[in-house]
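# Summary of the model geometry
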Amino acid sequence: MSRPRTAQEFVHWLELGGGARWIRTGALVLGGLVLSLIVAWKQFHGPITEATFAQADTGRHLAAGRGFATSVNQPQAVAALEQRGVSFNPAHPLPELYQPPLYSLVIAAGLRVLPDAARERLFARPPEPPDGFAADYFLLGLNLLLLWLAVGLTYWLGRELFDQRAGWLAALALLVSVPVWQQTLALNGTPLLMVLGLTFVICWLRVERKATESVPWVGLVVLGLAGGGLFLAEYTAGAVMFAALGYAWLRWGGRQRFLAVAALTVGFAVVAGPWGVRNVGITGHPMALAA
């Protein structure tokens, strides 16, 4: 149907034309968002692991312009730094040596979006029962945004691989998954890992669809960038690069094979390289003390 020009045509477009589809889709998405907010509000009990607190603390230091530092004093970190000539001073935060940096970076970016006064109010006073800590609810909102993004990427991937119904079914299955909600409400950054994992698969799908006798260099570099993002979100998740490198090695032959592997490696190194260099400079190991 062409663009409606009169009120009657507009009503018809809303009832039977493309507008009806948009209304149904909007109602479904809005209902899912409202339902997820209610579930999150009722089931949320705050962070449950020390790693989450450590990453949030690093994110706060980053937002304040103090770099990848932490107020958590770990004896092993103190000993490693003293071996390299850095004396321990409890008045100064230590470099973060345990946790991968990406979740902290996302937290810092979210904090920097807030006005300075609003950011300070998050940490202004301890909660009074039954209220929770305001900064915890900020992390909850951040993880919910990442979860909704993961749901959208799941829909897109299902639609691309199969059809629109498969996309909606996959997105709905993710949205009602109890383990996914448990991890989201734990504030441990799992939704970020889901977003990066889905992005990696989508990039791989694009590479395969464009793959011919010639190598899609740009697509492989982007795939390497996504693999580097996974590594910086969770070190063990970087193992997906072995699968990608194996794919590039088997997908092309001859000289193209080496060039495809090089493109993946370059993309990965652009993202993960600076963090590895930073860690080597501090501890002598690319993953610092996490290994």
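Before reading further, recall that the structure is shown in the block above.
Residues numbered from 1 in each chain as written. Predicted model: local features only at pLDDT ≥ 70, side-chain atom pairs only at ≥ 80, totals over all residues. Heavy atoms only, no water.

### Quick notes on the overall build of the protein
Check the secondary structure of the protein and you find 13 helices and 2 strands. Expressed as a percentage of the 291 residues in the protein, the buried residues total 40%. If you take every contact in the protein between residues at least 6 apart in sequence, the share linking residues at least 24 apart comes to 67%. As displayed, the protein offers around 16,500 Å² of accessible surface, 65% of which is attributable to carbon and sulfur atoms. (Helix = DSSP H or I, 4+ residues; strand = E, 2+ residues; numbered from the N terminus. Buried < 20%, exposed > 50% of the residue type's maximum accessible area, 1.4 Å probe, protein only. Contact = heavy atoms within 4.5 Å. Areas by Shrake-Rupley, 256 points an atom, 1.4 Å probe, with all protein chains shown as cover.)

### Points about the layout of surface pockets
Reported here for the largest pocket is a volume of approximately 630 Å³. Along the walls of the largest pocket sit 23 residues, with Gly32, Val151, Ala171, Leu172 and Leu175 positioned nearest its centre. Mapped by element, the contributors of at least two residues to the lining of the largest pocket are helix H2 (18–43), helix H7 (134–161), helix H8 (164–175) and helix H9 (178–185). The leading source of residues in the lining of the largest pocket is H2, at 8 residues. Looking at the lining of the largest pocket, its residues break down into 18 nonpolar, 5 polar and no charged. (1 Å grid on protein atoms, 1.4 Å probe; cavity = no way out; pocket = protein on both sides within 12 Å on 5 of 7 lines; lining within 4 Å. Points joined across faces, edges and corners; volume = space filled by probe spheres on them. Nonpolar A, V, L, I, M, F, W, Y, C, P; charged D, E, K, R; others polar.)

### Structural notes on the packing of aromatic side chains
Applying the stated criterion across every chain yields a total of 10 aromatic pairs. Both rings, one in Tyr155 and one in Trp168, keep their centres 4.8 Å apart while their planes meet at 50 degrees; by these two values the pair is tilted. Note that Tyr155 is positioned in helix H7 and Trp168 in helix H8, a separation of 13 residues in sequence. The buried category is assigned to Tyr155, whose relative accessible area is 16%. Each member of the aromatic cluster is reached from another via a ring pair, and the members are Phe200, Trp204, Tyr247 and Trp252. (Phe/Tyr/Trp six-rings, centres within 6.5 Å; stacked < 30°, edge-to-face > 60°.)

### Considerations on the packing of helix H10 (residues 190–210) against helix H12 (residues 240–251)
In helix packing, the relevant descriptors are the interaxial angle and the interaxial distance, both defined with respect to the helix axes. Where H10 contacts H12, the two axes come as close as 12 Å, and the packing angle between them is 5 degrees. When the axes of H10 and H12 are compared, the pair comes out roughly parallel. Contacts between H10 and H12 pair Phe200, Trp204, Val207 and Glu208 from the former with Val240, Met241, Ala243, Ala244, Tyr247 and Arg251 from the latter. Classifying every residue of the contact of H10 with H12 by side-chain character gives 8 nonpolar, no polar and 2 charged. (Axes fitted to C-alpha atoms, helices over the stretch in contact; angles between N-to-C directions. Parallel < 35°, antiparallel > 145°, perpendicular 65-115°, else oblique.)

### What about the environment of Val176?
Residue position: Val176 is located in the loop between H8 and H9. Taking the C-alpha atoms as reference, Val176 lies 9.0 Å from Ser36; in sequence the two are 140 residues apart.

### Looking at the environment of Ala150
Residue placement: Ala150 occurs in helix H7. The spacing of Ala150 and Leu198 is 48 residues in sequence and 7.3 Å in space, taken between C-alpha atoms. Once residues within four sequence positions are removed from consideration, Ala150 is found in contact with Leu174, Met194, Val195 and Leu198.

### Here's the deal with the side chain of Thr154
By the element assignment, Thr154 lies in helix H7. Ignoring any residue separated from it by four or fewer positions in sequence, one finds Thr154 in contact with Gly167, Ala170, Ala171, Leu174 and Leu198.

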